[in-house]
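Each chain is listed here by its residues.
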Amino acid sequence: MKLSPVTLLPSMDCDMSGKSGIYGLTVIGLIAFLTLVDLFATQAILPALADAYQVTPAAMGVAVNASTFGMAIAGLLVALFSRHLNRRKWVVLSLLALSMPTFLLAFAPNLPVFALLRVLQGLCMSAAFSLTLAYLAEQSGPKEIAAALAAYVTGNVASNLFGRLMSATIADHLGLASNFYIFAGLNLLGAAIAYQALTRTQPMPAMSEAKRSATAILRGHLLNPPLLATFLLGFLILFAFIGTFTYVNFVLVKPPFSVHQMQLGLVYFVFVPSMLTTPLAGFAVARFGTRLSCFGGLAVAMSGLPLLLTSTLNLVLVGLCLVGAGTFFSQAIATGFVGRAATSDRGAAGGLYLASYFLGGLAGSFILGQLFGALGWIACVVGIGFSVAVGMMLASKMALARE
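Source: prediction; values computed, not measured. (Residues numbered from 1 in each chain as written. Predicted model: local features only at pLDDT ≥ 70, side-chain atom pairs only at ≥ 80, totals over all residues. Heavy atoms only, no water.)

Once that is clear, we can look at the overall build of the chain. Helix and strand content of the chain: 17 helices and zero strands. Across the 403 residues that make up the chain, the buried fraction comes to 59%. For the chain, the proportion of contacts with a sequence separation of at least 24, taken over those separated by at least 6, is 83%. A total of about 15,600 Å² of accessible surface is found on the chain, and carbon and sulfur atoms cover 71% of it. (Helix = DSSP H or I, 4+ residues; strand = E, 2+ residues; numbered from the N terminus. Buried < 20%, exposed > 50% of the residue type's maximum accessible area, 1.4 Å probe, protein only. Contact = heavy atoms within 4.5 Å. Areas by Shrake-Rupley, 256 points an atom, 1.4 Å probe, with all protein chains shown as cover.)

The structure is reproduced here in structure tokens:
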């Protein structure tokens with residue numbers, strides 16, 4: 001079968017529901033899965049890591065989520081230099097490089113080294129993630145971009161579910177070190193698939209803004225009100241997500257739940273609804289518009305928070321389902337909106353969004369970790385609720401003149 005000029009996407013004349021469209025979206029999701037599988041998988045073994053390094057939950061939470069600091073830095077670097085980077089080459093190189101700190105985590109002698117390796121993981125993951133998003137935004141037609149980016153975020157959702165499940169299972173049966181060996185192998189597989197999938201694309205078109213300075217381009221994005229609102233929204237989405245799915249682990253392993261390590265991995269089947277709903281983000285935007293769709297996603301996340309405070313495991317799991325589905329749905333919408341709202345260099349706009357998004361994750365792990373350690377789970381959930389409420393207000397500003 002002859003591939004369309006854009007390898008990962010059907011041509012503009014091709015029905016997205018056709019075989020080539022389904023194949024392209026599947027490949028997009030698979031690359032996303034293998035790019036981000038390391039990011040949150042380690043959260044499933046947080047209690048075991050805290051015991052291994054003999055540290056507090058807050059300290060281990062910050063160390064594990066230090067990857068978001070690296071991702072924020074890489075997001076900024078991509079924002080500054082993406083127009084000079086060959087997308088395929090640097091996506092592949094980033095995934096190859098990612099395997100090294102992942103492998104070395106098995107030998108980290110103390111918490112500072114562990115955190116540094118997580119930062120290096122974040123640098124590599126974010127570079128691959130940002131450049132793939134830029135590639136999709138630049139190579140997609142206006143009808144395909146929402147579905148393509150939703151497919152990429154869906155792969156991210158899948159990495160949350162299966163990555164955590166794999167991590168918990170491997171650590172429970174083979175030990176913590178084996179967990180990192182296997183995930184390093186997945187990074188190499190991701191590099192191979194990205195190399196093959198991106199090889200046959202057409203060269204990037206010349207960018208008309210190439211003569212503008214990087215600071216001028218970034219300033220233009222930050223002075224774009226809908227884009228700025230989306231950057232802030234991204235910060236709050238991961239702030240809330242990290243706070244929920246990092247510290248709930250420590251709640252679940254203690255009474256009245258007393259969930260075992262292996263069972264803790266199974267808890268993350270709460271992401272299954274997210275895998276079903278996130279691909280619908282593009283259709284929701286087309287039907288209801290960006291603002292209403294994003295607001296609705298965050299409202300779903302907000303509705304799940306009270307359930308996290310109950311003492312019934314099934315209700316907590318329902319709450320986690322709602323928080324996961326709502327935040328991922330909103331993230332997919334925000335990610336696609338950046339590509340449409342940017343008036344120049346989409347790679348830079350995407351890099352700024354991801355830098356803000358992952359800084360939100362780092363802030364969430366630290367601020368909510370302090371709340372959790374000092375005041376308990378209820379205070380942590382209140383903090384999460386505040387961030388979601390502010391996000392709902394920002395969602396009202398996500399609209400273009402033509403919408």
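Turning our eyes to something else, we now look at the packing of helix H10 (residues 225-252) against helix H15 (residues 313-341). Running from N to C, H10 and H15 point in directions that differ by 155°, and their axes come no closer than 10 Å. Comparing their axes, H15 and H10 come out roughly antiparallel. When you trace H10 past H15, the crossing you get is left-handed. Its residues assigned to classes, the contact of H10 with H15 comprises 17 nonpolar, six polar and no charged. (Axes fitted to C-alpha atoms, helices over the stretch in contact; angles between N-to-C directions. Parallel < 35°, antiparallel > 145°, perpendicular 65-115°, else oblique. Left-handed = near helix turned anticlockwise from the far one by under 90°. Nonpolar A, V, L, I, M, F, W, Y, C, P; charged D, E, K, R; others polar.)

Attention shifts here to the packing of aromatic side chains. In this structure the tally under the stated criterion is 21 aromatic pairs. Look at Phe245 and Phe271: their rings are 4.9 Å apart centre to centre, the planes differ by 40°, and that puts the pair in the tilted class. A residue pair is termed long-range when its members are at least 10 positions apart, and Phe245 in helix H10 and Phe271 in the loop between helix H11 (261-267) and helix H12 (272-277) qualify at 26 residues. A ring pair is formed by Phe250 and Phe372, whose centres lie 6.5 Å apart and whose planes are at 40°; its orientation type is tilted. (Phe/Tyr/Trp six-rings, centres within 6.5 Å; stacked < 30°, edge-to-face > 60°.)

As a further point, take the packing of helix H5 (residues 87-104) against helix H8 (residues 176-198). Relative to each other, H5 and H8 sit at 170°, their axes nearing to 8 Å. Considered as vectors, H5 and H8 are oriented roughly antiparallel to each other. Residues Arg88, Val91, Val92, Leu95, Leu96, Leu98, Ser99, Thr102 and Phe103 of H5 pack against Phe180, Tyr181, Phe183, Ala184, Asn187, Leu188, Gly190, Ala191, Ala194, Tyr195 and Leu198 of H8. For the contact of H5 with H8, the class distribution of residues is 15 nonpolar, four polar and one charged.

Right, let's talk about a nonpolar patch on the surface for a bit. Taken together, the side chains of Phe103, Leu104, Phe107, Leu174, Tyr181 and Ile182 define a hydrophobic patch exposed on the protein surface, amounting to about 570 Å² of accessible area. At the level of elements, H5 and H8 are the ones that each hand at least two residues to the nonpolar patch. Along the polypeptide, Phe103 turns up in helix H5. For Phe103, a relative accessible area of 38% corresponds to the partly exposed category. (Patch = residues over 30% accessible without salt bridge, like charges linked within 9 Å, V, L, I, M, F, W, Y side chains within 5 Å. Salt bridge = Lys/Arg side-chain N within 4 Å of Asp/Glu carboxyl O.)

Ranked by size, the top nonpolar core spans 115 residues in total, and within it Met60, Phe114, Phe358 and Trp377 carry the most contacts. In terms of residue count, the dominant contributor to this core is H10 (15 residues). Ignoring sequence-local partners within four residues, the contact set of Trp377 consists of Gly243, Thr244, Tyr247, Val248, Val251, Leu308, Leu309 and Phe372. Residues Val37, Ile170, Phe183 and Leu186 belong to the second largest nonpolar core, which totals eight residues. (Core = buried A, V, L, I, M, F, W, Y, C linked by side-chain atoms within 4.5 Å.)

One can find Ala355 in helix H16 (residues 346-375). As a C-alpha pair, Ala355 and Phe69 span 286 residues in sequence and 8.6 Å in three-dimensional space. For Ala355, the contacting residues outside a window of four places in its chain are Ala72, Gly75 and Leu76.

A few words now on the confidence of the model for the chain. Averaged over all residues, the pLDDT of the chain equals 83, while 85% of them reach at least 70. This model gives residues 1-19 a pLDDT under 50, and the stretch forms 42 contacts once residues within four places in sequence are excluded. Within the model, pLDDT remains below 50 along residues 201-207, and this stretch shows 12 contacts once partners closer than five positions in the same chain are excluded. (pLDDT = per-residue confidence, 0-100.)

A cis geometry characterises the amide bond from Pro255 onward to Pro256, with omega recorded as 10°. Relative to the elements of secondary structure, Pro256 occurs in the loop between H10 and H11. Non-glycine residue Ser258 carries a positive phi angle of around 50°. Examined against the element boundaries, Ser258 turns out to sit in the loop between H10 and H11.

Take H15 next. Spanning 29 residues, H15 covers 41 Å between terminal C-alpha atoms, matching the ideal 42 Å at 1.5 Å per step. When you tally the buried positions in H15, you get 21 out of 29 residues, the bulk of the element. (Expected span 1.5 Å × (residues − 1).)

Bringing the side chain of Thr278 into the picture now. Structurally, the position occupied by Thr278 is in the loop between H12 and helix H13 (281-288). Within the structure, the side chain of Thr278 is placed 2.7 Å from the backbone oxygen of Ser274, a separation counted as a polar contact. Leave out the neighbours within four places in its chain, and Thr278 touches Ala150, Val153, Thr154, Val157, Phe328, Phe329 and Ala332. (Polar contact = N/O pair within 3.5 Å; in protein donor to acceptor, adjacent residues only side chain to side chain.)

Once that is clear, we can look at the side chain of Gln121. Here Gln121 is to be found in helix H6 (residues 111-139). For Gln121, the contacting residues outside a window of four places in its chain are Asp38, Leu98, Pro101, Thr102 and Leu105.

Let's shift gears to the environment of Leu133. Inspection of the secondary structure assignment puts Leu133 in helix H6. Leu133 gets classed as buried once you look at its relative accessible area, which sits at 8%. On a C-alpha basis, the gap between Leu133 and Gly351 in space is 9.0 Å, while along the polypeptide they are 218 residues apart. Those residues in contact with Leu133, other than ones at most four positions away along the chain, are Leu149, Tyr152, Thr335 and Leu354.

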